[in-house]
Each structure stands twice: as C-alpha cells, then as structure tokens.
Amino acid sequence: MSRILFNHVFKMYGKDKQPVVKDFNLEIHDREFMVFVGPSGCGKSTTLRMVAGLEDISKGEIYIGDKLVNDLPPKDRDIAMVFQNYALYPNMSVYENIAFGLRLRKMPKHEIDTGVKRAARVLEIEPFLERKPKQLSGGQRQRVALGRAIVREPEVFLMDEPLSNLDAKLRVQMRTELIKLHKQLGVTTIYVTHDQTEAMTMGNRIVVMKDGIIQQVDTPEQIYNNPVNTFVAGFIGSPPMNFIQGRLEEHEGRLEFHTNRFALEIPQGKAAELRDKRLVNKVVLLGIRPENASTEEIMFQAFPKAIIPGIHLLSELMGADRYAYLDIGNKTNLVVRVHPRNMYDEDTKLEVAVDMSKALYFDVDTGARLID
C-alpha cells in the first residue's frame, strides 16, 4: 500500500523560523492522482520536496505506506521524481538516461534492458533510444524524463510542474498522456502545478494552497461548484468567479440582494438558508460564475427578477465562447459568457440575467462561504 500521510507538517526557514508550510494535514490514497495547486510561493513545491527527502521537515511526520520517512534519505523512499527542466544527462543517449538509475542499483544487464524497452514502449519513444536529448523535441524529452521515473517501478511518483516548459498544444497532449499513463500504471502520484486547468483536468482530488496553508481538498467538481472561500472561488475557474458586494434585504416577503444600482431576487431555498444564518440586513459578497449570467433572451425569461445593468467595456473571443466585460458600478466589473455571435460596441448599455440558484455567498471580512 503506497498511501502518503502528512501529519501536522511544518516547514520553516531562516533565523526567525518563518513557516512556508503550516500545519499540513492530508492523506493521499493508494493509487490516487493528487494535484497540489496554488500561486507561486504558496508552498506546494516545498511540500513535494519534503516527501522526496530534498527538504528537511521542520515539524510533523510524513509516512509513505506505513513507513515514517522523516529521516530516510531520498534513495530509500522508493519514490521517483519528474522535474520541469527534465534533468536529462546531455552526453547520454535516451537509452542510457532511462537506464541510469537501474545501473546505480547494480541490476543485471538483461533486467535493465527489459525495463528500459518496456518503458520506451509505454511512452512511444522506442525509435529515439539511440538519440541524445539535444536531438529531441520538448515533448520527447519530457517522455524520456517520465521513462526514467517509470522504469524504477516506484511506490510514488512526484511531479513538479513537469509540463510548464512545453508549448500550449503540447501541454494539452501531454496532460492526456499522463492521465492515460496513471490509469495504466496505477502508481500513487503527487502532481504540483500553478495551472488551474491542469489541476481540474488531471486530478482525482485537488489540494488548493495559499501561503503554506491548505484551503480546500476535494474533487475538481466540488472545488469548482462548492469553493469554501473567495480565494478558492477566484483561483479555480477561467475566467474567475465574479464578486459583487451588497446587502441582503427583505422586500414584500422576498429576500433580495441589493446594491445601489440593482436588486436581485434570491430563490426561496437559498433565501431560507440565509435567513436561518441570520444574514438578513448583512453586507455579503455575491459570487457569480461567468457562465451563470447571460445576455440571451431565454435567461431573461427564466430569471426576470435577477437583472444586472451595465456598460460594455470589451469582449474576448475564446473560440466557442465570447466573454463580455461590463462595468456595473461601484468600481466593479462583471464577466459574462455570451454567444460568440454577440458583438457589442464599447460603452453600449447592456442588461444581464443571472441564475441566482447557482449564486454563492461569502463573508466580506473573512472570505468564508456562508451557506452550502
């Protein structure tokens, strides 16, 4: 069993013992593909390096399987790591690069040959075994780096932004290859990235980090649809969630979200939850995903009492979608997904209908989600 367990793990640097990873608690299940995601400097790579044994643990415990690895050297942890810069030996052939770790273990020659060729077959790099790294494309070099990890048959794969040096098209292709590879090999994997698209498309579960602290651990669907705070809601999603500050007010038996420019009726179910939490007459942040607001007539028919007026600033065409940016007052912009055929002039007055059944509510001061 190759689960990974973090038990109150801290990492501190400097004379003042400044923590960069704070009270990290997490269980990664056997065969799981877990993604660590967050902005630069959030502690995700440092956490990965503690698992690898490349960083000392300041406090807490890390287990791989049932083995406490705090004081184990990297070579005894049965892990394989893939870096963003490939870390290939330029003077060695592809075959020699993949075989290098097995030769250090003094494995028999025929076992090395069998292992290298099997890894090359899985990664479809058999034709390149005699080439040097400089003769390969970026995607082929990354496959060689993966081959060097696969051939060791480790308990755990650790991947630190392995696709960040590839161009956009190749990143999409390699994401698919890595998912397929994980299904084929079934090795417990921690994958570190700052790219939320990679996190959403690859992970069985996602760990969202900020300032060395876990913000949320859940499936991609739950992270997207039920973020625990404004940081997660704003970090996951492209374009990110819209946030509008306003007050919850009763009006003729209905609960509404009010700004000084508009009022949006809240559906009965959510209104009851907000009343139960005693949030009436409180200022809150309303969270709206761009796809849950629209200029289409069908939305106005469905949500006639949830209309936001605004001024069109600009639009971005993203192939099958177009995103319109609106000024809705109070120094707030609203991003809305519209049909690509809809083109608006700058400074055009627009109205947008909002699906309030999918709106979220957050605390203005803490950013915490207020109701489920």
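Check the entry above for the structure.
What you see is a predicted model; the values in this text were computed from it and never measured.

Conventions we followed
Residues numbered from 1 in each chain as written. Predicted model: local features only at pLDDT ≥ 70, side-chain atom pairs only at ≥ 80, totals over all residues. Heavy atoms only, no water. Helix = DSSP H or I, 4+ residues; strand = E, 2+ residues; numbered from the N terminus. Buried < 20%, exposed > 50% of the residue type's maximum accessible area, 1.4 Å probe, protein only. Contact = heavy atoms within 4.5 Å. Areas by Shrake-Rupley, 256 points an atom, 1.4 Å probe, with all protein chains shown as cover. Lys, Arg positive; Asp, Glu negative; His and termini not counted. Charge placed at Lys NZ, Arg CZ, Asp CG, Glu CD. Polar contact = N/O pair within 3.5 Å; in protein donor to acceptor, adjacent residues only side chain to side chain. Pairing = 2+ DSSP bridges. Axes fitted to C-alpha atoms, helices over the stretch in contact; angles between N-to-C directions. Core = buried A, V, L, I, M, F, W, Y, C linked by side-chain atoms within 4.5 Å. 1 Å grid on protein atoms, 1.4 Å probe; cavity = no way out; pocket = protein on both sides within 12 Å on 5 of 7 lines; lining within 4 Å. Points joined across faces, edges and corners; volume = space filled by probe spheres on them. Nonpolar A, V, L, I, M, F, W, Y, C, P; charged D, E, K, R; others polar. Salt bridge = Lys/Arg side-chain N within 4 Å of Asp/Glu carboxyl O. Phe/Tyr/Trp six-rings, centres within 6.5 Å; stacked < 30°, edge-to-face > 60°. Lys NZ or Arg CZ within 6 Å of the ring centre and 35° of its normal.

### Points about the overall build of the protein
Next up, step 1: Helix and strand counts for the protein come out as ten helices and 20 strands.
Next up, step 2: Considering the protein as a whole, with its 372 residues, one finds that 48% of them fall into the buried category.
Next up, step 3: Sequence separation of at least 24 residues holds for 65% of the intrachain contacts in the protein that already meet a minimum separation of 6.
Next up, step 4: Element-wise, carbon and sulfur atoms account for 48% of the exposed surface of the protein, whose accessible area totals about 18,400 Å².
Next up, step 5: Here the protein carries 50 positive and 50 negative side-chain charges, and the mean point of each set is 6 Å from the other.

### Here's the deal with the environment of D363
Next up, step 1: Along the chain, the position of D363 falls in strand β20 (residues 360–363).
Next up, step 2: Using a relative accessible area of 25% as the deciding quantity, one classes D363 as partly exposed.
Next up, step 3: For the pair D363 and Q84, spaced 279 residues apart in sequence, the C-alpha separation works out to 38 Å.
Next up, step 4: Contacts of D363, omitting those with residues within four sequence positions, involve L285, A368 and L370.
Next up, step 5: Within the local environment of D363, its side chain forms a polar contact with the backbone nitrogen of D365, the two atoms lying 2.8 Å apart.

### So, the sheet that holds strand β14 (residues 283–288)
Next up, step 1: The antiparallel open sheet is built from five strands, whose spatial order is β13-β12-β11-β14-β20. Pairing within the sheet leaves two strands with one partner each, and these edge strands are β13 (263–265) and β20. With direction set aside, neighbouring strand axes in the sheet form an average angle of 40°.
Next up, step 2: Sheet contacts for helix α9 (residues 268–276): β11 (242–251), β12 (254–258) and β20; angle to β12, the most-contacted strand, approximately 80°.

### Here's the deal with the pairing of strand β6 (residues 79–82)
Side-chain positions along a regular strand alternate between the two faces of the sheet.
Next up, step 1: Burial along β6 is two-sided: I79 and M81 and A80 and V82, pointing in opposite directions, are all buried.
Next up, step 2: Pairing of β6 with strand β7 (residues 156–160) involves four bridges; the strand directions are parallel. By the bridge assignment, I79 is partnered in β7 with V156.

### A closer look at the nonpolar core
Next up, step 1: I98, V116, I125, Y191 and V208 are the most contacted members of the largest nonpolar core, which has 46 residues in total.
Next up, step 2: The next biggest cluster of nonpolar side chains, apart from the first, holds 30 residues, and it includes A293, I328, V336 and L370.

### What to know about the layout of surface pockets
Next up, step 1: By volume, the largest pocket is sized at about 520 Å³.
Next up, step 2: Those elements that provide at least two residues to the lining of the largest pocket are β6, α2 (94–104) and α4 (138–150).
Next up, step 3: Partitioned by chemical class, the residues of the lining of the largest pocket number 13 nonpolar, one polar and four charged.
Next up, step 4: A volume near 160 Å³ is recorded for the second largest pocket.
Next up, step 5: What lines the second largest pocket is Q196, T197, M200, Y224, G237, S238, P239, P290, E291, Y323 and R337.
Next up, step 6: Broken down by element, the lining of the second largest pocket gets its largest block of residues, three residues, from helix α6 (residues 196–202).
Next up, step 7: Counted by class, the lining of the second largest pocket contains five nonpolar, four polar and two charged residues.

### Section: the side chain of E55
Next up, step 1: Relative to the elements of secondary structure, E55 occurs in the loop between α1 (44–52) and β4 (59–64).
Next up, step 2: Side-chain polar atoms of E55 contact the side chain of Y13, separated by 3.0 Å.

### Remarks on the pattern of salt bridges
Next up, step 1: On inspection of all chains with the given rule, the structure shows 15 salt bridges.
Next up, step 2: The shortest N-O distance in the salt bridge between D113 and K117 comes to 3.2 Å. One end of the pair, D113, and the other, K117, are both in helix α3 (residues 109–123), four residues apart, so they sit about a helical turn from each other.
Next up, step 3: Across the pair R275 and E250 runs a salt bridge, and its minimum N-O distance is 2.7 Å. One end of the pair, R275, is in helix α9; the other, E250, is in strand β11, with 25 residues separating them in the sequence.
Next up, step 4: Given the relative accessible area of 40%, E250 is considered partly exposed.
Next up, step 5: Taken together, the shared-partner salt bridges connect E252, R254, E256 and E265 into one network.

### Some thoughts on the packing of aromatic side chains
Next up, step 1: As enumerated under the stated definition, the model contains seven aromatic pairs in all.
Next up, step 2: With 5.7 Å between their ring centres and 80° between their planes, F243 and F362 make a pair best called edge-to-face. Linking F243 in strand β11 with F362 in strand β20, this pair joins segments that are 119 residues apart in sequence.
Next up, step 3: Take F243: its relative accessible area is 25%, and that puts it in the partly exposed class.
Next up, step 4: A relative accessible area of 0% places F362 in the buried class.
Next up, step 5: Each member of the aromatic cluster is reached from another via a ring pair, and the members are F6, F24 and F36.
Next up, step 6: Across from the ring centre of F10, 4.6 Å away, lies the NZ or CZ of K59, which sits over that ring.
Next up, step 7: A cation sits over an aromatic face here: R289 above Y224, 3.9 Å from the ring centre.

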